[in-house]
Amino acid sequence: MKRRQLLGYTATGAATAALASCGTTNPEASSGTPGALPPVKWQMTTSWPNSLDTLQGSALYVAERVAALSGGRFTIEVFAAGELVPGLQVLDAVQSGTVQCGHSPTYYYVGKNSALAFGTALPFGLNAQQQNAWLYHGGGIEAMNDILASFNTIAFPAGNTGTQMGGWFKREIKTVADLQGLKMRIPGLGGQVLSRLGVNPQILPGGEVFLALERGAIDAAEWVGPYDDEKLGLHKAAPFYYAPGWWEPGATLHLMINLDAWNQLPPPYQAMVQTAAAEANQHCLSLYDTRNPEALQRLLAQGTQLRSFSPEILAACQKEAFALYGEMAAENPQFQAIFDPWQKFRETIYQWHGVAELGFSSFVMQSPV
């Protein structure tokens, strides 16, 4: 997939002028008649390098679907991390109007507001299927957009990785004591949980993880899963590959849009953007579920040593995770307002999935034909 295929560029002012002209000189345009819709050109910046065709590919998918749905009248030029702004500054660029939209996980920005973690994933939270249920039908999208409005941003789910892996380690980690002093690339609340157990979390964009791990600047690193991790070459920098990534059981990626730019779009274009984002959300998850199994087999064939976090480590991390949520809820009313209904949703859907999903999966995985 070529970067910027079917995509174009213009400044925000040009798009605004086109829309203003449409509204004042063309009565048919305000009616939503497709042929009367004005040409609009946006820019999108992402948190991903071009080499990650799953993550960057999800951003490109949104742009290509918008172009197709609009008959080429609404185009978006997509830039990889670092081409316009660093990968960890996507929300800042969208908020300021440097670009009209961006593709990034909201949990990269928990330093701005801890409640932004809910948009992506909470440690020991919801898997991809459960996360989508919460976002689309449990009030999740509305809750996140209430938070993002203070950043002059609106966002829609536009990708999900599924349950991630627990990362690459230069040495085996068997007990909680083994975590002491470990320097690990891990963002979001997962990093905060591990820091309570002695880990020194590091926040690095994808393009910097391999060198940091290879050169010993960090002792461990998590990214996503076998397919992306293989592309980054992480298996060449550390031998032990752990599961599961309890901090990201169903990590959602978001299409973030400058609120002013969004409000200037004709309603048909807004519908196209939401449709493209929803398609990208399913496309990304399906792609990972197709590519990760094959990639894991390749990694194991090259000598990767697969490990599982011990029950001791998982129990300690879960305990610290919910202790952290209690502290955040006490400090941040917005976190509290989302956490209480989110926790009830989690308990209810866990009960249901424990009856059907878990029962089925447990049997077929333990009883191969």
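Shown above is the structure to which this text applies.
Residues numbered from 1 in each chain as written. Predicted model: local features only at pLDDT ≥ 70, side-chain atom pairs only at ≥ 80, totals over all residues. Heavy atoms only, no water.

Got a minute to help me understand the pairing of strand E9 (residues 240-243) in this structure?
Remark: a regular strand shows side chains that alternate across the two faces of the sheet. Covered by surrounding structure in E9 are Phe240 and Tyr242 together with Tyr241 and Ala243, the residues of both alternating faces. Alignment of strand E5 (residues 167-169) against E9, held across three bridges, turns out to be antiparallel. Note that in E9 the partner of Phe169 across the bridge is Phe240. Across four bridges, E9 lies against strand E11 (residues 305-308) in parallel orientation. Within E11, the position partnered with Ala243 by the bridge is Ser308. (Buried < 20%, exposed > 50% of the residue type's maximum accessible area, 1.4 Å probe, protein only. Helix = DSSP H or I, 4+ residues; strand = E, 2+ residues; numbered from the N terminus. Pairing = 2+ DSSP bridges.)

Help me understand the sheet that holds strand E8 (residues 220-221), please; the structure alone is not making it clear to me.
Adjacent strands of a sheet form backbone hydrogen bonds with each other and so pair up, either parallel or antiparallel. Read from one edge of the open sheet, six strands run E7-E6-E8-E5-E9-E11, paired in mixed fashion. The strands lining the two open edges of the sheet, one partner per strand, are strand E7 (200-202) and E11. Pairing analysis gives two bridges linking E5 to E8, with the strands arranged antiparallel. Bridge pairing links Trp168 to Ala221 in E8.

Is there a simple way to think about the packing of aromatic side chains in this case?
Two aromatic rings, taken as a pair, are described by how far apart their centres are and by the angle between their planes. The full count for this structure, using the stated rule, is 22 aromatic pairs. Judged by centre distance (4.8 Å) and plane angle (80°), the rings of Trp246 and Trp247 are edge-to-face. Like Trp246, the residue Trp247 is buried in the burial classification. Seen in terms of ring centroids, Phe335 and Phe339 are 5.9 Å apart; in terms of plane orientation they differ by 25°. Their pairing is stacked. Here the residue Phe335 and the residue Phe339 both occupy positions in helix H14 (residues 333-355), the gap between them amounting to four residues, near one helical turn. For Phe335, a relative accessible area of 0% translates into the label buried. Joined through ring pairs, the aromatic side chains of Phe118, Trp134, Phe322, Tyr325, Phe335, Phe339 and Trp342 make up one cluster. (Phe/Tyr/Trp six-rings, centres within 6.5 Å; stacked < 30°, edge-to-face > 60°.)

Can you walk me through the sheet that holds strand E10 (residues 252-258) in this structure?
Read across the open sheet, the five strands follow the order E2-E1-E3-E10-E4; overall the sheet is mixed. Each end of this open sheet is capped by a strand with a single partner; those strands are strand E2 (74-79) and strand E4 (153-160). When the angles between neighbouring strand axes are averaged without regard to direction, this sheet yields 25°. In this sheet, strand E3 (residues 101-104) lies alongside strand E1 (residues 40-46) in parallel orientation, the contact comprising three bridges. Of the residues in E3, the one forming a bridge with Thr45 is Gly102. Sheet strands touched by helix H12 (residues 267-301): E1, E2, E4 and E10. Its angle to E4, the strand with the most contacts, is close to 30°. (Axes fitted to C-alpha atoms, helices over the stretch in contact; angles between N-to-C directions. Contact = heavy atoms within 4.5 Å.)

Just to check I follow, could you spell out the pattern of salt bridges for this structure?
Pairing of side chains with opposite charge becomes possible as their charged atoms draw close. Per the counting criterion, the structure on display carries eight salt bridges. Across the salt bridge formed by Arg65 and Glu279, the nearest N and O atoms sit 2.6 Å from each other. Note that Arg65 is positioned in helix H3 (residues 55-69) and Glu279 in helix H12, a separation of 214 residues in sequence. One salt bridge in this structure joins Arg298 and Glu230, with 2.7 Å as the shortest N-O distance. Linking Arg298 in helix H12 with Glu230 in helix H10 (residues 226-232), this pair joins segments that are 68 residues apart in sequence. Taken together, the salt bridges that share partners define one network made up of Arg196, Glu320 and Glu327. (Salt bridge = Lys/Arg side-chain N within 4 Å of Asp/Glu carboxyl O.)

Nothing here speaks to function; it is all geometry.
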